[in-house]
Every structure is written in C-alpha cells, then in structure tokens.
Amino acid sequence: MSDNTQARKIAFIGSECYPFVKTGGLGDVMYALPRALTPLGCEVRVFLPNYACIPPKYKDQMLYRGNFMMDLCSDGRQFYVGIMELVMDGVIYDFIDNREFFDWGNPYTGLWEDIPKYCYFSKAVLAVMNYMEWIPDVIHCHDWQASLVPLYLRTRFDGTPVGSAKSIVTIHNLRFQGICGIEHLKYWTGLPDYLFDYPVLKQNENEANMFKGGLAYADKITTVSETYAEEIQTSFYGEGLNGHLYYHRPKLKGIVNGIDVQLWNSATDKLLAADYDYDSVLEKKIENKRALQEQLGLEQDDGQFVIGLISRLTDQKGLDLVNAVFPEMLDEHTQVVILGTGDPRYEGAFRYYEGENKGRVCAYISYNESLAHLIYAGADALLVPSLFEPCGLTQLIAMRYGTVPIVRETGGLKDTVQPYNEETNEGNGFTFDWYQADLLLDAIRRAKALYFEDRSRWNDMVQRDMAKDVSWENSARKYLALYEELTPEEAAE
Ligand code: ADP
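Now for a look at the structure at hand. Predicted model only: the values in this text are computed from it and were never measured.

What counts, and where the lines are drawn
All chains use their own residue numbering, which begins from 1 and follows the written sequence. This being a predicted model, a pLDDT of at least 70 is required before a residue's local features are given, and a value of 80 or more before pairs of side-chain atoms are given or counted; all residues contribute to the totals for chains, interfaces and linings. In computing side-chain values, all of the structure's heavy atoms are included and hydrogens and water are not. When DSSP finds two or more bridges between a pair of strands, those strands are recorded as paired. Secondary structure elements are defined from DSSP: runs of H or I of at least 4 residues count as helices, runs of E of at least 2 residues count as strands, and each element is numbered from the N terminus. Angles shown run from 0 to 180 degrees and are taken between the N-to-C directions of axes, each axis being a line fitted to C-alpha atoms and, for helices, limited to the stretch in contact. Whenever a carboxyl oxygen of Asp or Glu lies within 4 Å of a side-chain nitrogen of Lys or Arg, that contact is scored as a salt bridge. Every residue pair with non-hydrogen atoms within 4.5 Å of one another is taken to be in contact. The buried label applies to any residue whose accessible area, calculated with a 1.4 Å probe on protein chains only, is under 20% of its type's maximum; exposed applies above 50%, and partly exposed to all values in between. Throughout this description, the term nonpolar core refers to a set of buried Ala, Val, Leu, Ile, Met, Phe, Trp, Tyr and Cys residues connected via side-chain atoms within 4.5 Å.

1. Here we look at the sheet that holds strand 3 (residues 63-71)
With mixed pairing, the 9 strands of this open sheet are ordered in space as 3-4-5-2-1-6-7-10-11. Two strands bound the open sheet, and with one partner strand each, they are strand 3 and strand 11 (252-254). With direction set aside, neighbouring strand axes in the sheet form an average angle of 25°. Across 5 bridges, the pairing between strand 2 (residues 43-49) and strand 5 (residues 91-97) is parallel.

2. Re the pattern of salt bridges
A complete count under the given rule lists 25 salt bridges for this structure. The partner of Asp114 in a salt bridge is Lys117, and the shortest N-O contact between them spans 3.1 Å. Of this pair, Asp114 and Lys117 both sit in helix 4 (residues 111-132), 3 residues apart, which is roughly one turn of the helix. With a closest N to O distance of 3.8 Å, Asp454 and Arg457 form a salt bridge. Through salt bridges with shared partners, one network takes in Arg45, Arg65, Glu85 and Asp94.

3. Quick look at the sheet that holds strand 17 (residues 430-432)
One open sheet accounts for 6 strands, arranged 14-13-12-15-16-17; its pairing is parallel. Every other strand in the sheet has two partners, leaving strand 14 (361-364) and strand 17 as the edge strands with one partner each. Averaged over neighbouring strand pairs, the angle between their axes works out to 15° when direction is ignored. For strand 12 (residues 305-310) and strand 13 (residues 334-339), the ladder comprises 6 bridges, and the chain directions are parallel. Residue pairing in the sheet places Leu309 in a bridge with Ile338 of strand 13. Contacting strand 12, strand 13, strand 14, strand 15 (381-384) and strand 17, helix 11 (residues 319-329) runs over the sheet at an angle of about 155° to strand 13. Helix 12 (residues 344-356) rests against strand 13 and strand 14 of the sheet, and its axis sits at about 145° to strand 14.

4. Regarding the side chain of Lys202
The residue Lys202 is located in the loop between helix 6 (182-189) and strand 9 (207-209) in this model. Looking at Lys202, the relative accessible area reads 14%, which means it is buried. Look past the residues within four positions of Lys202 in its chain and what remains in contact with it is Ile182, Leu195, Phe196, Asp197, Glu207, Ala208 and Lys212.

5. Section: the nonpolar core
With 105 residues, the main nonpolar core has Ile13, Phe20, Tyr93 and Ile139 as its most contacted residues. Per-element accounting of this core gives the leading share, 12 residues, to helix 4. Core analysis: the second largest hydrophobic core is formed by 70 residues, Ile310, Ile338, Ala379 and Leu396 among them.

Right, here's the structure in full:
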C-alpha cells in the first residue's frame with residue numbers, strides 16, 4: 001500500500017475457516033488471505049458461524065461481545081444473535097452465535113437445514129456490524145453460503161451505516177449454489193418479492209438460487225483462478241450459471257489462490273518425520289517417505305515411487321479416472337496412498353484396491369490434517385486429475401514440499417502447474433488435457449519414466465517446485481487493488 005492511501009476495512013464472510021472449521025480449500029483461503037492482507041495495510045475481520053464443532057480450545061478463548069434479537073423470516077420471526085470474539089495473530093474473528101442453527105453438523109448437514117442456516121448468517125453478520133459500529137469499506141463474501149449478503153446490503157440494510165459498504169462475492173466452487181423452492185427462500189430471507197425474478201434469485205418456475213442472486217447484486221465477482229473465470233462462462237463448467245456469469249463478466253475477475261507459507265513450510269513443519277528445505281530436500285525428504293510407509297503399513301522400500309492423493313472423494317476430483325487406471329498405475333515399483341472421505345462409491349473402490357494390494361496401497365478413508373502433512377512430504381508425486389478445479393490447493397502444497405504434481409489442465413491447475421518440457425528441462429509437473437483415463441495413465445507413466453530413468457532431472461524439478469512462489473503475496477495485492485478500485489474516495493484521502 002502506498003503511503004497516501006488509507007487503510008481499508010474489509011469484512012470476510014464465509015462458512016468455514018481453518019483452524020476452527022475446515023472441509024476444503026475455502027477454509028484455507030479464509031485463514032490465509034486475511035493474514036496476507038493485514039501487512040498490506042488492511043484491517044480485516046472474519047465473520048463465521050459459531051458452530052458446535054469448533055474445537056473447545058478455540059471456544060475457550062472466545063470473548064462475549066453482546067447479543068440482540070433480529071427478525072429474519074417473512075412473518076417477522078425473531079432470532080437470537082450472539083457475538084463471540086477471538087483475536088489470533090492480529091486478525092479478529094467474530095463468531096455469530098445461535099444454537100438453533102449452529103449446534104449440529106460439521107458444519108454442513110444438508111440443504112434443507114443449511115439454507116435457513118445461511119440465510120440467518122448472511123443477515124446476522126450485517127446486523128452485527130451495525131451493532132458493533134464497525135463499518136467495513138468492503139464486504140468480501142465467499143461462496144453461496146455468504147452470497148445473500150449483497151442482497152441484504154442493498155435492501156434491508158440500505159440507509160443503515162453498513163449500507164455504505166461495497167461487496168465482492170468470490171466463487172470458490174460453482175457446483176454448490178444453494179438452490180431451493182422459491183417460497184422456502186422467500187419465507188426464510190424475508191427479502192422483497194421483486195428479487196425473486198430471473199435476473200436475480202429465480203432459477204426456474206419453482207426454484208430460487210442464492211448464489212445467482214448474490215452474483216447479480218455484488219459490486220465485483222472474483223473466482224480463484226483466471227482460467228476458471230473463463231471456464232465458468234461456458235456450459236461445460238458453468239453449472240447452469242454460465243449465461244448469468246457471461247452477462248456479468250465486466251465485473252468478473254480471476255485471482256489465483258496462494259497458500260500460507262508459514263503454515264505449509266517443510267523446514268519447520270512439526271508434523272513431519274524430518275524437516276527439510278531447498279538445500280536439504282534431496283537428502284532428507286526420503287526420511288518422510290520411510291515414516292509414511294511405516295505409519296501406513298506399506299512395504300519399507302526407498303526405491304518405491306510413492307503417489308499420493310489427498311482429496312474430497314467426489315466426482316469433481318477426477319476419481320473415476322483414477323479408479324479406471326488403478327491396476328495399470330500399480331507395479332512392483334509403485335505405491336499409492338489415498339487420504340480422503342466422500343462418495344461411498346470411491347471409498348469402497350479404494351478400499352478394495354487396498355485389500356487386493358496390501359503393502360502397496362493404502363486407502364486412508366478419513367479427514368486427517370496430520371497425515372496430510374506427512375503425505376505431502378513423503379510422497380514423490382501427487383495426483384490431481386480433476387474434472388474441474390476452481391484453483392486447487394493440494395498441487396500448491398505439494399510443490400512447496402517438493403512433491404511433483406500430476407494434474408489435469410483445468411482451472412487453477414492449469415494456471416499453477418507448468419507442464420514438464422523435456423527439451424528444455426523446465427516445468428513443475430506432469431499434465432494432461434482431455435478428461436480421459438488413458439491420458440492420466442500416460443502422465444503417470446511419464447512421471448515414472450523421469451523418476452526411474454533420469455533422477456537428476458527429476459531432482460531438478462523437485463527443487464524447482466520448492467523454489468516456486470506459491471505464497472499469497474502477489475494475489476493479496478490483486479485483491480487490495482480491487483478493494484481500492486471499489487472505494488476510490490478513501491484512496492484520495
Ligand atoms: P477443495 O476445496 O475442492 O476440497 P482444494 O485443493 O482447494 O480442494 O483444498 C483441499 C484442502 O483440504 C487442502 O488443504 C487439503 O490438504 C485438504 N484436505 C482434503 N482432504 C483432506 C483429508 N482427507 N484430510 C486432510 N486434509 C484434507
């Protein structure tokens with residue numbers, strides 16, 4: 001930030017945030033981006049639901065900041081809004097407290113309950129800002145769960161102090177949109193009827209779409225990579241909103257995610273068997289492979305090519321391709337480690353392969369943050385063959401840990417993994433373009449060929465990956481530029 005610009009007050013609104021509650025990349029971004037914006041001169045507050053599943057060690061640190069009653073539904077039904085606050089590393093987290101909505105789930109339970117839950121949350125955060133007299137310049141909303149905020153801002157909160165704020169909606173994943181019956185949403189939001197028309201909330205004759213409405217009313221829309229920003233304007237990736245996004249493209253921008261390089265740092269990571277950095281990776285990384293093999297009951301063999309996969313087990317992640325090539329991907333020199341939960345179809349398939357290949361395959365069907373760290377450090381390659389991938393963080397973490405990504409060229413994977421070029425010995429990983437199992441297998445085989453036949457070039461890539469800048473720094477500056485563009489009057493002060 002240049003000296004003559006004023007600090008921007010930014011409110012982050014989202015449904016998850018590491019380390020309190022995280023189910024995927026959204027949780028990482030809600031944690032890391034505010035921390036990257038703070039040194040740039042932004043005052044960021046993060047607003048989250050006070051879910052029951054937040055670990056007690058954080059609940060114990062929260063301070064009560066007040067409460068009030070808020071009307072929500074079209075019949076004026078009143079709900080309690082409590083404010084619990086926690087400050088961590090200079091960032092303020094305000095948790096919206098209401099046991100009726102947030103006392104079960106981890107954090108999601110299903111749309112029937114989630115829709116009222118996030119209607120309440122979206123309205124409550126704005127009411128809390130007025131209550132606390134903390135008025136942001138920009139309200140940065142993340143995914144469908146926060147996407148009613150721009151609508152409330154321009155209707156129910158118009159003319160109130162917070163009504164002066166600008167809004168941004170960031171799309172982390174367009175697949176989830178918050179769609180339900182029109183009457184259901186009308187009731188829970190209490191929003192005026194005119195918003196339930198096609199340009200805003202109306203999805204079809206019977207249904208309303210929360211994300212669609214938020215995107216229409218936001219001052220800016222961002223998504224988490226430049227390629228995904230283009231892709232979502234097409235029918236293949238647009239999840240039914242491609243026309244809507246194409247219409248709103250003048251305010252749409254792609255800004256690629258980074259990762260928190262303090263949190264993800266192989267030189268200081270307490271969850272690893274051996275720490276390493278750029279200089280020691282070629283000597284020390286192997287100790288993590290050994291620890292991983294031991295912990296997961298894989299054959300202890302330094303010579304194995306270990307492929308990792310850390311993912312929600314859903315169709316999005318290209319797991320039908322993995323499933324299709326699994327037997328061919330394995331050989332006596334290859335081990336595979338899968339960490340994930342999700343679709344029982346994939347859980348079952350990977351468990352089956354583990355049963356058939358004891359000592360060579362581990363399907364760890366669970367969510368396990370510590371094991372994830374060890375896999376990032378202990379594997380040689382990480383698979384991310386996604387059908388679509390707004391940004392993807394696992395390939396960024398893998399590179400930071402000197403683990404070579406094997407990815408499909410889509411969304412943020414395309415923007416962050418430069419394909420290996422054997423002519424020039426450049427690139428960060430192995431890639432394939434069409435969504436086809438044989439192309440995935442080909443990419444895996446190319447990776448193995450380099451690993452087994454030209455280890456020095458493989459090692460070059462490992463070090464290149466570790467040296468690559470995957471931090472938030474550049475992207476945080478782009479967000480700041482966007483905040484400044486939305487609030488030029490402050491910049492002039
Ligand atoms: P998405 O947000 O679509 O799930 P991302 O690649 O953006 O995918 O982010 C995934 C994040 O969740 C990464 O930090 C990854 O390490 C973590 N993660 C995914 N599955 C697991 C799991 N089973 N155990 C631990 N961490 C996981």
